[in-house]
Amino acid sequence: MKQIAVAVSLAFAAVGTTGALAQEKTIKIAGFGAKSGVVRSFGVNSEAAMLAAADQINKAGGIKLADGSKAKIKIDYYDDRCTAEEGISVARRMAGTDALVGVGPTCSNVAEPLFGILQKKVDDKSDSGMQFPIFSDVAIKGGLARISEWSFRNVPNEMTMYSSLFYWLKTQHPTLKTVFGGVEEDFAHSRATWYVVMKDRAIANGYTVAGESKWLLADTNFATQVREMKKANADIVAISAHPFSTCGVLKEMQRQGVKPKLLVGLTSTSSLETMQGCAKQAEGMMIPTSFAPVNKEATAAANATAKFKGSADLHSMAAWENMFILKQVMESENLSGNAKDLASDRRKVRDGLAKLKVTKGLLGDTKRTDDREADKPYLFVQAKSGNWVVLHNPL
Amino acid sequence: MLDFFQSLSDGVLFGSTYALIGIGFTLVFGVMHKLNLSYAAASVGGAYCGLLVLQVFAGAPPVVVFFCAFLAGGLLGWLVYLTCFHFIPISNPLATLMATVGMLLLIDEIIVHLTAGMPVGYPAMFDDVMLRMGEFTVRGDLLMVFAVSMLCMGGLLALLYKTRLGLATRAVSQQTVAALLCGIRVGQVNAMTFVITGLLGGIAGAMIGASVGTLSPLLTTPLTTKGLIVTVIGGLGSVPGAIIAGLLVGGFENVLQQYRGVTERDLYVMLLLFVFLVFRPGGLFAPKGGRD
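Residues numbered from 1 in each chain as written. Chains lettered and ligands numbered in written order. Predicted model: local features only at pLDDT ≥ 70, side-chain atom pairs only at ≥ 80, totals over all residues. Heavy atoms only, no water.

Got a minute to help me understand the layout of surface pockets in this structure?
The gaps left among the atoms become clear once a water-sized probe is rolled over them. Estimates place the volume of the largest pocket at around 790 Å³. Along the wall of the largest pocket there are 40 residues; nearest its centre are Val38, Val39, Phe187 and Leu217 of chain A together with Leu218 of chain B. For the lining of the largest pocket, the secondary-structure elements that each account for two or more residues are helix H4 (108–116), helix H6 (188–204) and helix H8 (243–255) of chain A together with helix H4 (93–115) and helix H9 (220–234) of chain B. Counting residues per element, the lining of the largest pocket draws most heavily on H4 of chain B, at five residues. Here the lining of the largest pocket is built from residues that sort into 21 nonpolar, 14 polar and five charged. (1 Å grid on protein atoms, 1.4 Å probe; cavity = no way out; pocket = protein on both sides within 12 Å on 5 of 7 lines; lining within 4 Å. Points joined across faces, edges and corners; volume = space filled by probe spheres on them. Helix = DSSP H or I, 4+ residues; strand = E, 2+ residues; numbered from the N terminus. Nonpolar A, V, L, I, M, F, W, Y, C, P; charged D, E, K, R; others polar.)

Encoded structure:
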């Protein structure tokens, strides 16, 4: 009788062990960005791209761990409302969970202070900053990853892109000499892009800046600014603003009969939003972008994201790429995937990301810089009949 | 000098939309002595609802969109009354104020969720018309917005001074208890005030959409601020004051934008508000002798 009881116990124990072995591990990745407020579409699209990529990775078996087992990816997406205080609070919450890495945020005004609360230098015992790797997909203001060795970015390099665009315009339209800038003054990205990038690159390529007009993100009347634009009568008008005010300005330009020979826009404007707001007035606008569905892989990524109710653009497709880069890093760094090794696994992810020199992107290889930024391939798109079409591939 | 007159004219014409928003604030305050901070958001909400007609009848003329915005604004006004005033004790001023703040955020977030925050093109009339007098120009669509706004204000004044409803509204605004003793249904008058201001708000939202050419949830906060400034400068509870102040604020901010730039513009508008609060706290048309 005693032997039977022992046998039954052993059998149960064996079944239990097998069950535990059969139970798959889960790797949690935390996404975060704006899912409310006027930039909600960015968060919605990034989340959809991350879910679509995770779905594809999971269907292909998942992530291979150090013990040879496979783990499925689970995405938790947090809303930071595009505000710094909410972003920091979300990051602390993410770090308090079993998430291995964070992918986000949407806004540069969130990324900058958020990177500031991370540990500046790894292994610095005197720095009690958060030790949680963040891999940005959207926040685009230049040079932010330098703030902490735990911060990484896969966002396009606007300096290179606009330099290339103005250089190309100079070769294609040598008779054009002057540029007029329009800038949305109260948004970190648009402001920095005009003053630090567009203006500088235009001058570097031999253009004369004929003037600049300023407006605010929520402005409704652009008559004065467009009159200044009209007076300057520049060959090229470069607008560094987000879709709502870009559309307002373009409509006012149409009313006042301002027809520059060329129209250049902000990277973030090469989206569906602009086409919904003012496709007719944006006709001909040229923008450098790090995504367009120009090859089989990029088209498949866009289609997969659409199934998760997201739209593919330069921002959301960076989130897609981040997922595959993280898969590569997790597998090469031999993650344990156990809860007790969470801190060391996070460190492995950080170290793995820091080691990368080249990553695979949807438009081709992306070079990784020593300051944890990306040098992504790009192309120029142009608004044509309500769509963004590829104008030129400089690479 | 031309720049000055051009900026002034653009600003005054656009200011008519501020006047419409200001009227909504001031009318509710005049009747109920309460601020409805969700008014501008409901107005933009009404304008968005107007676009629904294009989902059913693609290519419907702008005037149909405006009319639907007008009706939707009225409905939203009534809903705001029900949720923020009808069931909340009026004796607690903070409760209704906070309820309208909550409603502002709710409407804003509903719009954001339904549109993913994306700007939506809004139909306009006469947007390709530009009247020219030498270098001086006047936008046809802004002129239309101005005319519609003036028409609405005229209609509102006629309603207030020529109808029994207007008489009841004025009676409630002047002496609620006396109005009650005269047999006026105060609750009904209050509800009607919200419907009327809602109708005006719907048309204000549509006119703003038409003049910008695009509608975005970004508009709700600045319009709320402008509406409140207009209400204070015009005199709390004064409809003619809101009209004059709306045009004044529109012209003032546009001229200052011309000469001091966009980053200083709002600073001066706020300064104007402080000047009024200090030297003429009752606004341009302060009610004589206050109210009882």
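In this structure, what is going on with the interface of chain B and chain A? I would like to understand it.
Many descriptions give the size of an interface as the accessible area lost when the pieces come together. On the side of chain A, 34 residues touch chain B, which itself brings 39 residues to the contact. The junction of chain B with chain A conceals about 3,000 Å² of combined surface from both sides, 55% of it contributed by carbon and sulfur atoms. The three residues of chain B that bury the most area against chain A are Met118, Pro119 and Leu218 of chain B, which together make up 20% of that side's buried surface. Counting across the chain B and chain A interface gives six salt bridges. Between aspartate 141 of chain B and arginine 255 of chain A there is a salt bridge, and its shortest N-O distance comes to 3.2 Å. For the side of chain B that touches chain A, the secondary-structure elements that each account for two or more residues are helix H1 (2–32), H4, strand S1 (120–121), strand S2 (130–133), helix H8 (186–212), strand S4 (214–215), helix H10 (239–260) and helix H11 (262–279) of chain B. No other element matches the six residues that H1 of chain B contributes to the side of chain B that touches chain A. Looking at the side of chain B that touches chain A residue by residue, the classes come out as 17 nonpolar, 13 polar and nine charged. (Contact = heavy atoms within 4.5 Å. Buried area = accessible area lost by both parts, 1.4 Å probe. Salt bridge = Lys/Arg side-chain N within 4 Å of Asp/Glu carboxyl O.)

Can you walk me through the state of the cysteines in this structure?
In a disulfide, the sulfur atoms of two cysteines are covalently bonded to one another. Residues and elements named next belong to chain A. A full pass over the atoms with the stated rule returns two disulfides over all chains. Between the sulfur atoms of cysteine 82 and its disulfide mate cysteine 107 the distance is 1.9 Å. Between cysteine 82 and cysteine 107 the sulfur-sulfur dihedral comes to about -120 degrees; the bridge is accordingly left-handed. Within this pair, whereas cysteine 82 is found in the loop between strand S3 (70–79) and helix H3 (84–95), its partner cysteine 107 is found in the loop between strand S4 (99–103) and H4, the two being separated by 25 residues in sequence. Look at cysteine 82 and you get buried, because its relative accessible area is 13%. When its relative accessible area of 3% is taken as the criterion, cysteine 107 is described as buried. Covalent S-S linkage joins cysteine 247 and cysteine 278, the inter-sulfur distance amounting to 2.1 Å. One disulfide, between cysteine 247 and cysteine 278, carries an S-S torsion of -70 degrees and so falls in the left-handed class. Placement of cysteine 247 in helix H8 and of cysteine 278 in helix H9 (residues 272–282) is noted, with a sequence separation of 31 residues between them. Assessed through its relative accessible area of 0%, cysteine 247 is described here as buried. (Disulfide = S-S within 2.5 Å. Buried < 20%, exposed > 50% of the residue type's maximum accessible area, 1.4 Å probe, protein only.)

How should I be thinking about the nonpolar core in this particular structure?
Note on soluble globular proteins: their nonpolar side chains tend to be buried together. In terms of nonpolar packing, the biggest core is built from 83 residues, with Ile23, Phe66, Tyr122, Leu156 and Ile233 of chain B touching the most fellow members. At 13 residues, the largest contribution of residues to this core is made by H8 of chain B. For isoleucine 23 of chain B, the contacting residues outside a window of four places in its chain are Met153, Leu156, Leu200, Val239, Ala242 and Ile243 of chain B. Judged by nonpolar contacts, the second largest core, of 38 residues, contains Ile27, Ile75, Phe291 and Met323 of chain A. (Core = buried A, V, L, I, M, F, W, Y, C linked by side-chain atoms within 4.5 Å.)

Sorry, what's going on with the pattern of salt bridges here?
A side chain with one charge may pair with a side chain of the opposite charge, provided their charged atoms come close. Residue and element names in this part refer to chain A. This structure, assessed with the given rule, holds 35 salt bridges over all chains. Salt-bridge contacts for aspartate 351 lead to arginine 350; the nearest nitrogen and oxygen are separated by 3.0 Å. One network of salt bridges, in which partners are shared, links Lys28, Lys74, Asp76 and Asp98.

Sorry, what's going on with a nonpolar patch on the surface here?
Residues and elements named next belong to chain B. Judged by side-chain polarity, Met270, Leu271, Phe274, Val275, Leu277, Val278 and Phe279 come together as a nonpolar surface patch covering roughly 700 Å² of accessible area. Looking at where valine 275 falls in the secondary structure, it is placed in helix H11. Judged by relative accessible area, valine 275 falls into the partly exposed class, the value being 40%. (Patch = residues over 30% accessible without salt bridge, like charges linked within 9 Å, V, L, I, M, F, W, Y side chains within 5 Å. Areas by Shrake-Rupley, 256 points an atom, 1.4 Å probe, with all protein chains shown as cover.)

For this particular structure, what's the right way to read the confidence of the model for chain B?
Detailed reading of the predicted model is not advised wherever pLDDT is low. Residue and element names in this part refer to chain B. Residue-level pLDDT values for chain B average 89, and 98% of them are 70 or greater. Per-element averaging of pLDDT across chain B places S2 at the bottom with 86 and helix H3 (residues 62–86) at the top with 95. Predicted as a complex, the structure gets a pTM of 0.80 and an ipTM equal to 0.79. (pLDDT = per-residue confidence, 0-100.)

Explain unusual backbone geometry to me, please; I cannot follow it from the model alone.
Negative phi is the rule for most residues except glycine; trans is the rule for most peptide bonds. All names here are of chain A. Residue proline 105 follows glycine 104 across a cis peptide bond; omega there is -5 degrees. As for its position among the elements, proline 105 is in the loop between S4 and H4. The backbone of aspartate 123 sits at a positive phi, close to 70 degrees, despite the residue not being glycine. Relative to the helices and strands, aspartate 123 resides in the loop between H4 and strand S5 (134–136).

Help me out: how do you make sense of the side chain of aspartate 127 of chain A in this one?
Its location among the elements puts aspartate 127 of chain A in the loop between H4 and S5. Leave out the neighbours within four places in its chain, and aspartate 127 of chain A touches Gln119, Lys120 and Lys121 of chain A.

Is there a simple way to think about the sheet that holds S5 of chain A in this case?
Sheets are built from strands paired through backbone hydrogen bonds, the pairs being either parallel or antiparallel. All names here are of chain A. Strand order in the open sheet made by the six strands is S2-S3-S1-S4-S5-S6, with mixed pairing throughout. Each edge of the sheet is formed by a strand with only one pairing partner; in this case those strands are strand S2 (63–64) and strand S6 (151–153). Examined bridge by bridge, S2 and S3 share two bridges and lie antiparallel to one another. Looking across to S3, one finds that lysine 64 is bridged to lysine 70. Sheet strands in contact with helix H12 (residues 342–355) are S4, S5 and S6, and its direction is about 40 degrees off that of S4. (Pairing = 2+ DSSP bridges. Axes fitted to C-alpha atoms, helices over the stretch in contact; angles between N-to-C directions.)

Looking at this structure, I do not really get the packing of aromatic side chains. What am I missing?
Geometrically, a pair of aromatic rings is defined through the distance of the ring centres and the angle of the planes. Enumeration over the complete set of coordinates arrives at twelve aromatic pairs over all chains. When the ring of tyrosine 81 of chain B is compared with that of phenylalanine 194 of chain B, the centres are 5.4 Å apart and the planes differ by 45 degrees; the resulting orientation is tilted. Placement of tyrosine 81 of chain B in helix H3 and of phenylalanine 194 of chain B in helix H8 is noted, with a sequence separation of 113 residues between them. Take phenylalanine 194 of chain B: its relative accessible area is 1%, and that puts it in the buried class. Of the aromatic side chains, those joined through ring pairs into one cluster are Trp168, Tyr378 and Phe380 of chain A. Above the ring of tyrosine 207 of chain A, the side-chain terminus of lysine 170 of chain A is found at 4.5 Å from the ring centroid. (Phe/Tyr/Trp six-rings, centres within 6.5 Å; stacked < 30°, edge-to-face > 60°. Lys NZ or Arg CZ within 6 Å of the ring centre and 35° of its normal.)

Honestly, the packing of H3 of chain B against H8 of chain B in this entry has me stumped. Any pointers?
Axes are the key here: two packed helices are described by the angle between their axes and the distance separating the axes. Residue and element names in this part refer to chain B. Here H3 crosses H8 at 140 degrees, and the two axes come no closer than 6 Å. It follows that H3 is oblique to H8 by the angle criterion. When the axes of H3 and H8 are compared, the crossing they make is right-handed. Two secondary-structure elements touch here, H3 through Phe66, Ala69, Phe70, Leu71, Gly73, Gly74, Gly77, Trp78, Val80, Tyr81 and Phe85 and H8 through Gly187, Asn190, Ala191, Phe194, Val195, Gly198, Leu199, Gly202, Ile203, Ala206, Met207 and Ala210. For the contact of H3 with H8, the residue count by class is 16 nonpolar, seven polar and no charged. (Parallel < 35°, antiparallel > 145°, perpendicular 65-115°, else oblique. Left-handed = near helix turned anticlockwise from the far one by under 90°.)

Mind showing me how you'd approach the environment of glycine 140 of chain B here?
All names here are of chain B. Relative to the helices and strands, glycine 140 is located in helix H5 (residues 140–162). With relative accessibility at 9%, the residue glycine 140 sits in the buried group. Distance in space between the C-alpha atoms of glycine 140 and proline 217 is 25 Å, their sequence separation being 77 residues. If sequence neighbours within four positions are ignored, glycine 140 has contacts with Phe126, Val129 and Met130.

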